[in-house]
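Listed below, chain by chain, are the residues.
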Amino acid sequence: MGPSPLGRRPRLLSLRTTFAVSFATITAVVTVLVGGLSYNAAARLVRVDQESVFEQAAGELRAEVRRQRLSPGDFSSSAPGHDIVRPARTDVQVLGPDGGILDPAGPRLPVTASDRDTAGAAEAGRVVQHDDVDVGTDVFRVATVSLGGGRGAVQVAQEFSDTEDLLRALQRRTLLLMAAVVLAAGLFGWWLARRITRRLVVLTSAAENVARTRRLGVQVPVTGPDEVGRLGRAFDLMLGRLAQSEEDQRRLVQDAGHELRTPLTSLRTNISLLRRIDELPPAARGELVADLGQEARELTDLVNELVELAAGQFAGEPPQPVDLGELAGDVAVQARRRTGRAIGVRVCGATTAEARPAMLTRALSNLVENAAKFDPDGTGPIEVVVAGPARPGPIRVEVLDRGPGISDADLARVFDRFYRAADARSRPGSGLGLSIVREVALAHGGAPFAYRRDGGGSVIGFTVAPAAAGTGRDAADGEGRRS
């Protein structure tokens, strides 16, 4: 057979058909085994019962002729009391001394040479048995018992062809019953498979619809407490998160385009001025070059923050034990060099977390630089507080400043991407620093927070889930640490 045409796939059995066929096959195998074993057991019991009846009849007749002297006339069907000597459920035929038939059985039984010899035997109770004797269309089992003294013999016959006919009828009925059971099992299996896979078919249709239309806002109508219901809810949740991720990506691209447009427009304006820089006075030239350098730095910072936020720059960094108190001290040293501001660090409690140090460093640096940016002329130090939990709970990291503070309207949105308060839009920055803080906090099982500080200024920070018991530093070791 040649290869199938392009785009053609071999048709596979559906799950519903596979389930129904499997159910019917298992039922057929079980039915055949049970039916065959039952029939064999029943047939064996019937045959054994018939054989035991015949052997009992022949044995009783043999014992009777040995116990008393009997003649063929005693077994004649017209003799008084003949029912006493004729065994039940058998036919009796009486032979004379020469083997001739004196009193035939219901169907006349054939007499062989061995039967005639037995009729003339001197010994009473001599037995000759024939297992398959054909009489017309029937088959008999025959035992010839001598009366002794050459007086003749008595033949006891039992028909077993009717028993085989009965067993064959039972066999046919068993086969018909098994066929009916298999057919019913197939139909029931198809109904059951249809009922079980109905929700899977709906789920498959929803998945194919999403793959075909690329629309993630598809409601999956699959419910129930079982595994299929759980799969439907998980699929629905996955689609929801993918839709949210797609929406976040779209908004990020739109917001990034909006934010990039402003510095790029300013750069184009200043670059156009460079064409006639010779016409500008020296002071204007210096101001133009300084503006270009500042705009280039802001554009570089914005692009770097966008890349980190969109691509997750630190996502591949493996978690490791990190002492947030020591990390805050390192960030404070670097911030002092860049800003020239006094930055104090206060640490208390156990501050070790299982975290990604580069991500936490970036979050802390954003908070400290944000505090310095909004309080450039401040005389008081910027405070960094890292507090371990007094009871089971997260580690708390916060930065306190004495800047202009945050209004109530802005508190709920300071961690949104590109959001900048009205009084902060004239200051340098992209509006992404605090959104990165939020992403870092969420990635470490915590959350960001911001509120106004008593006496003026702001408190902005985040929480981090602590390390497992035994990996953190004892609270007493860190009590009252300062740098």
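The name given to the chain in an unreviewed UniProt entry is histidine kinase, with Streptomyces parvulus as the source organism. Checking UniProt for the chain, the heading Subcellular location (unreviewed entry) contains the comment "Cell membrane".

1. Topic: the overall build of the chain
Scanning the chain from N- to C-terminus turns up 11 helices and 13 strands. Going through the 483 residues of the chain one by one, you find that 38% of them count as buried. Within the chain, residue pairs in contact and separated by at least 24 positions form 64% of the contacts whose partners lie at least 6 positions apart. For the chain, the accessible area works out to roughly 28,100 Å², and carbon and sulfur atoms hold 56% of it.

2. What to know about the nonpolar core
Counting 38 residues, the largest nonpolar core has Leu324, Leu360, Leu364, Val384, Val386 and Phe462 as the members making the most contacts within it. Among the elements of the structure, helix 7 (324–339), strand 7 (343–348), strand 8 (352–355), helix 8 (357–374), strand 9 (382–387), strand 10 (395–400), helix 10 (433–443) and strand 12 (458–464) are those that each provide at least two residues to this core. It is helix 8 that provides the largest number of residues to this core, a total of 8 residues. In this structure, Leu324 is in contact with Thr351, Ala353, Leu360, Val386, Ile395, Val397 and Val464, ignoring residues within four places of it in sequence. In terms of nonpolar packing, the next biggest core, distinct from the first, is built from 14 residues, Ala58, Leu61, Phe75 and Val92 among them.

3. Let's talk about the sheet that holds strand 2 (residues 101–103)
Two pairing modes exist for strands in a sheet, parallel and antiparallel, and in both the strands are linked by backbone hydrogen bonds. In spatial order, the strands read 2-1-5-4-3; together these 5 strands make up an open sheet with antiparallel pairing. Where the open sheet ends on each side, the last strands, each with one partner, are strand 2 and strand 3 (127–135). Neighbour to neighbour, the strand axes of the sheet diverge by 30° on average, direction disregarded. Relative to strand 2, strand 1 (residues 91–95) is paired through 2 bridges, and the arrangement is antiparallel. Note that in strand 2 the partner of Val94 across the bridge is Asp103. Across the sheet, helix 1 (residues 15–67) touches strand 3, strand 4 (138–146) and strand 5 (153–159), and the angle it forms with strand 4 is around 20°.

4. Observations regarding the packing of helix 8 against helix 10
The angle between the axes and the distance between the axes are what describe a pair of packed helices. Close contact between helix 8 and helix 10 brings their axes to 9 Å; oriented N to C, the two are set at 145°. Crossing angle aside, the handedness with which helix 8 passes helix 10 is left-handed. Judged by residue contacts, Met359, Leu360, Arg362, Ala363, Asn366 and Leu367 of helix 8 engage Gly433, Leu434, Ile436, Val437, Val440 and Ala443 from helix 10. A breakdown of the residues in the contact of helix 8 with helix 10 according to their chemical character gives 9 nonpolar, 2 polar and 1 charged.

5. Overview of the pattern of salt bridges
As enumerated under the stated definition, the model contains 4 salt bridges in all. The salt bridge involving Arg453 is made with Glu383; its shortest N-O contact spans 3.1 Å. Taken together, the residues span a long stretch of sequence, with Arg453 in the loop between strand 11 (448–452) and strand 12 and Glu383 in strand 9 at a distance of 70 residues. A salt bridge links Arg396 to Glu398; its shortest N-O distance comes to 3.1 Å. Under the relative-accessibility criterion, Glu398 is labelled buried at 11%.

6. Observations concerning the pairing of strand 5
Counting buried positions over the 7 residues of strand 5 gives 6, a clear majority of the element. The pairing of strand 1 with strand 5 spans 5 bridges and is classified as antiparallel. Pairing of Val92 across the sheet is with Val156, part of strand 5. Pairing of strand 4 with strand 5 involves 7 bridges; the strand directions are antiparallel. What sits directly across from Ser146, in strand 5, is Ala153. Connecting strand 4 to the next strand, strand 5, in antiparallel fashion are 6 residues, including Gly148 with a positive phi near 90°.

7. Digging into the side chain of Arg141
Assignment of secondary structure puts Arg141 in strand 4. The buried charged residue Arg141 lacks any salt bridge, with Asp131 as its nearest oppositely charged partner at 4.3 Å. Within the local environment of Arg141, its side chain forms a polar contact with the side chain of Gln158, the two groups lying 2.7 Å apart. Apart from residues no more than four positions distant in its own chain, Arg141 is found in contact with Gln50, Glu51, Phe54, Gln129, His130, Asp131, Val156, Ala157, Gln158 and Phe160.

8. Points about helix 8
Taking 1.5 Å per residue as the helical rise, helix 8 with its 18 residues ought to reach 26 Å, and the 26 Å between its terminal C-alpha atoms agrees with that figure. Summarising burial for helix 8: 13 of the 18 residues are buried, a large majority.

9. Description of the pairing of strand 11
Relative to strand 12, strand 11 runs antiparallel, the two sharing 5 bridges. Each residue of the ladder has a partner; that of Tyr451, found in strand 12, is Val459. If you look at the hairpin formed by strand 11 and strand 12, you'll find 5 residues sitting between the two strands, and Gly455 has a positive phi there, around 90°.

10. Here we look at a nonpolar patch on the surface
A cluster of nonpolar side chains, namely Ile26, Val29, Val30, Leu33, Val34 and Leu37, defines an oily patch on the protein surface of about 580 Å² accessible area. For Val34, the location among the structural elements is in helix 1.

Each value, and the rule that gives it
Residues numbered from 1 in each chain as written. Predicted model: local features only at pLDDT ≥ 70, side-chain atom pairs only at ≥ 80, totals over all residues. Heavy atoms only, no water. UniProt positions renumbered as here; feature names shortened; annotations may be inferred. Helix = DSSP H or I, 4+ residues; strand = E, 2+ residues; numbered from the N terminus. Buried < 20%, exposed > 50% of the residue type's maximum accessible area, 1.4 Å probe, protein only. Contact = heavy atoms within 4.5 Å. Areas by Shrake-Rupley, 256 points an atom, 1.4 Å probe, with all protein chains shown as cover. Core = buried A, V, L, I, M, F, W, Y, C linked by side-chain atoms within 4.5 Å. Pairing = 2+ DSSP bridges. Axes fitted to C-alpha atoms, helices over the stretch in contact; angles between N-to-C directions. Left-handed = near helix turned anticlockwise from the far one by under 90°. Nonpolar A, V, L, I, M, F, W, Y, C, P; charged D, E, K, R; others polar. Salt bridge = Lys/Arg side-chain N within 4 Å of Asp/Glu carboxyl O. Lys, Arg positive; Asp, Glu negative; His and termini not counted. Polar contact = N/O pair within 3.5 Å; in protein donor to acceptor, adjacent residues only side chain to side chain. Expected span 1.5 Å × (residues − 1). Patch = residues over 30% accessible without salt bridge, like charges linked within 9 Å, V, L, I, M, F, W, Y side chains within 5 Å.

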